[in-house]
Amino acid sequence: ATEVLAAMQVSEARLWVIARELEARCTSVEPWYGGRFLKLPSLEPGLWLPWAEVEDGGWRSVIHTHGLRLPTSNRFAPLDLSLRRSPVAARAAPQELPIPDLPCLRAWLR
């Protein structure tokens, strides 16, 4: 889990920038819809530097400027997401019901 969190950095992000003013830079065309795009091996500094500044603590000013906050707690969201064994004993395999064997109908009883 620590490795996953450590990888969640702007420098590791896949960024999709959609803007008409960048269309001249696009060198590829998406085959189904004809959308133009450009793939870069890494982000250009001009695209990720503002985000890196936010990561380095600049997010506080963004929160105050835009009035961002965490949502109120949801009392219906579970607190424990761990998997547990079913308390019911293992059941026998499903039994086929005695219904005429038709190619379009088959019923199972559990």
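Residues numbered from 1 in each chain as written. Predicted model: local features only at pLDDT ≥ 70, side-chain atom pairs only at ≥ 80, totals over all residues. Heavy atoms only, no water.

Asks: Which residues make up the overall build of the chain, and what values do they have?
Replies: For the chain, the helix and strand inventory stands at two helices and four strands. Put simply, the chain has 110 residues, and 5% of those count as buried. Considering only residue pairs separated by 6 or more positions, the chain has 27% of its internal contacts joining residues 24 or more positions apart. (Helix = DSSP H or I, 4+ residues; strand = E, 2+ residues; numbered from the N terminus. Buried < 20%, exposed > 50% of the residue type's maximum accessible area, 1.4 Å probe, protein only. Contact = heavy atoms within 4.5 Å.)

Asks: Please set out helix α2 (residues 45–66) residue by residue, giving values where relevant.
Replies: In this model α2 runs just 25 Å from its N-terminal to its C-terminal C-alpha over 22 residues, more than 12% under the 32 Å that 1.5 Å per residue would give. Along α2, the sharpest kink reaches roughly 95°, centred on G57. Immediately downstream of α2, the backbone of G67 shows phi near 65°, a positive value. (Expected span 1.5 Å × (residues − 1). Bend = angle between axes of the 7 residues up to and from the residue.)

Asks: Describe a nonpolar patch on the surface, listing the residues and the values that go with them.
Replies: Taken together, the side chains of V54, W59, V62, I63 and L68 define a hydrophobic patch exposed on the protein surface, amounting to about 370 Å² of accessible area. In this fold, L68 is placed in the loop between α2 and β3 (95–96). (Patch = residues over 30% accessible without salt bridge, like charges linked within 9 Å, V, L, I, M, F, W, Y side chains within 5 Å. Areas by Shrake-Rupley, 256 points an atom, 1.4 Å probe, with all protein chains shown as cover. Salt bridge = Lys/Arg side-chain N within 4 Å of Asp/Glu carboxyl O.)

Asks: Any details on the environment of E30? Residues and values, ideally.
Replies: Relative to the assigned elements, E30 resides in the loop between β1 (28–29) and β2 (36–37). The class for E30 is partly exposed, based on a relative accessible area of 27%. Here E30 is in contact with G35 and F37, once residues within four sequence places are set aside. Here Y33 takes part through its backbone nitrogen, which lies 2.6 Å from a polar atom of the side chain of E30. (Polar contact = N/O pair within 3.5 Å; in protein donor to acceptor, adjacent residues only side chain to side chain.)

Asks: Any details on the confidence of the model for the chain? Residues and values, ideally.
Replies: Scored by pLDDT, the chain comes out at a mean of 76, with 77% of its residues at no less than 70. By mean pLDDT, the top-scoring element of the chain is β1 (88), and the lowest-scoring one is strand β4 (residues 108–109) (62). (pLDDT = per-residue confidence, 0-100.)

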